[in-house]
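# Chain and residue survey
Now for the letters of each chain:
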Amino acid sequence: MPTTVRRVRVPQLAAMKRRGEKIVMVTAYDATFARLFERAGVDLMLVGDSLGMVVEGHENTLPVTMEAMIHHTRAVVRGTQRALVVADMPFGSYQTSADEAVANAVRLMKEGGADAVKLEGGESSEAVVRRMSACGIPVMGHVGLTPQSVKLLGGFRAQGKTEEERERIFHDARRLEHAGVFAVVLESIPEELAGKITEALSVPTIGIGAGKSCDGQVLVCYDLLGLTGDEAPPFAKRYGELGEAVVSAVSAYAAEVRG
Ligand code: KIV
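This next bit is on the sheet that holds strand 6 (residues 183-187). With respect to topology, eight strands assemble into a closed barrel ordered 1-2-3-4-5-6-7-8, the strand pairing being parallel. Averaged over all pairs of adjacent strands, the angle between strand axes in this sheet comes to 25°, irrespective of strand direction.

By size, the foremost hydrophobic cluster in this structure holds 56 residues, and its most contacted members are Phe-37, Met-132 and Leu-186. For this core, the leading source of residues is helix 4 (residues 66-78), giving five residues. Residues within four places of Met-132 in sequence aside, it is in contact with Met-89, Ala-101, Val-102, Ala-105, Val-117, Leu-119, Ile-137 and Val-139. Val-86, Ala-116, Ala-183 and Ile-206 belong to the second largest nonpolar core, which has 17 residues in total.

The subject of this paragraph is the site of the ligand. Taken together, the residues surrounding the ligand are Thr-27, Leu-46, Gly-48, Asp-49, Ser-50, Asp-88, Lys-118, His-142, Glu-187, Ile-208 and Val-220. At 3.1 Å from an oxygen atom of the ligand is found a side-chain nitrogen or oxygen belonging to Asp-88. Taken by itself the ligand offers 260 Å² of open surface, and the protein chains cover 95% of this. Residues that form the shell around the ligand fall into these classes: three nonpolar, four polar and four charged.

On the surface, Val-246, Val-250, Tyr-253 and Val-257 cluster together into a nonpolar patch covering about 410 Å² of accessible area. In this structure, Val-246 sits in helix 11 (residues 242-258).

Its identity as a non-glycine residue notwithstanding, Ser-188 has a phi of 50°, on the positive side. Inspection of the secondary structure assignment puts Ser-188 in the loop between strand 6 and helix 9 (191-200). Using a relative accessible area of 9% as the deciding quantity, one classes Ser-188 as buried.

The next point concerns the side chain of Glu-120. Structurally, Glu-120 is set in the loop between strand 4 (116-118) and helix 6 (126-134). Among the polar contacts made by the side chain of Glu-120, one reaches the main-chain amide nitrogen of Gln-148 at a distance of 2.8 Å. Setting aside residues no more than four positions away along its own chain, Glu-120 makes contact with Asp-49, Tyr-94, Ser-125, His-142, Thr-146, Pro-147, Gln-148 and Ser-149.

The geometry of a pair of packed helices is captured by two quantities: the angle between their axes and the separation between those axes. Relative orientation of the contacting elements helix 4 and helix 5 (residues 98-110) amounts to 25°, with a least axis distance of 9 Å. Relative to helix 5, the element helix 4 is oriented roughly parallel. Every pair of crossing elements has a handedness; the one defined by helix 4 and helix 5 is right-handed. Contacts from Met-66, Glu-67, Met-69, Ile-70 and Thr-73 in helix 4 reach Asn-104, Arg-107 and Leu-108 in helix 5. Tallied by class, residues from the contact of helix 4 with helix 5 come to four nonpolar, two polar and two charged.

Our focus in this paragraph is the pattern of salt bridges. This structure, assessed with the given rule, holds 12 salt bridges. In this structure, the salt-bridge partner of Arg-19 is Glu-21, at a minimum N-O distance of 2.8 Å. According to the relative accessible area criterion, Arg-19 is exposed, its value standing at 55%. Through salt bridges with shared partners, a single network forms among Glu-67, Arg-107 and Glu-111.

What counts and how
- Residues numbered from 1 in each chain as written.
- Predicted model: local features only at pLDDT ≥ 70, side-chain atom pairs only at ≥ 80, totals over all residues.
- Heavy atoms only, no water.
- Pairing = 2+ DSSP bridges.
- Helix = DSSP H or I, 4+ residues; strand = E, 2+ residues; numbered from the N terminus.
- Axes fitted to C-alpha atoms, helices over the stretch in contact; angles between N-to-C directions.
- Core = buried A, V, L, I, M, F, W, Y, C linked by side-chain atoms within 4.5 Å.
- Buried < 20%, exposed > 50% of the residue type's maximum accessible area, 1.4 Å probe, protein only.
- Contact = heavy atoms within 4.5 Å.
- Near = heavy atom within 4 Å.
- Polar contact = N/O pair within 3.5 Å; in protein donor to acceptor, adjacent residues only side chain to side chain.
- Areas by Shrake-Rupley, 256 points an atom, 1.4 Å probe, with all protein chains shown as cover.
- Nonpolar A, V, L, I, M, F, W, Y, C, P; charged D, E, K, R; others polar.
- Patch = residues over 30% accessible without salt bridge, like charges linked within 9 Å, V, L, I, M, F, W, Y side chains within 5 Å.
- Salt bridge = Lys/Arg side-chain N within 4 Å of Asp/Glu carboxyl O.
- Parallel < 35°, antiparallel > 145°, perpendicular 65-115°, else oblique.
- Left-handed = near helix turned anticlockwise from the far one by under 90°.

Everything listed here is a matter of geometry and, on its own, says nothing about what the molecule does.
Next comes the structure, spelled out in structure tokens:
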């Protein structure tokens, strides 16, 4: 008899934090990679709006649409059995009103099949997170470097450089926890601040460029696999050289065809 694999559930993540078990999350955008990441045993797959950059070739995540997020979420869900699938809410899909945020999150879950959604911002997103949580939508927060604010920030810059900024990020993470998020991504902030937030929150923190003390880590899969070359952010450690492997395989194919 085939064994049924149980999907990771939202409450398990807080239990993992309590047990000191680290949470492994990677981004995924299609079924083929999702199947491979399943075999590698990742706990969470994030259908990140980073797909706007690494898949669609835009210079930032702002042009990503709800349709694109639903399309890629469906593909990732089809490629997973165990990993919990989190879909990013694209720019403009939750900033205008709590009603619109709920409607778009419902689409990502109903049409895309996502288990949960992620949105950016601290205090500014608090009311929206509260409303979504009250509707039964599991929400992951995201503070520190929030790529959808790239125009306001003046680039993809590390955050938490001044005491005032650090206090604001800490406060943002606390507000999100009170509003009901089940986890918070901490992006590009000092390790010490990430450690302080991780200790203060009962929900897990998932770091990216935020040091080792977070409860889990996330990386953009194209960076991790060495597909993005020099465009990867400096903190993104490479665990493979797939870019070179692709060039070499396709060159061998081309040489054989031409020969
Ligand atoms: O869109 C994305 O891939 C993300 C991660 C960098 C956390 O938000």
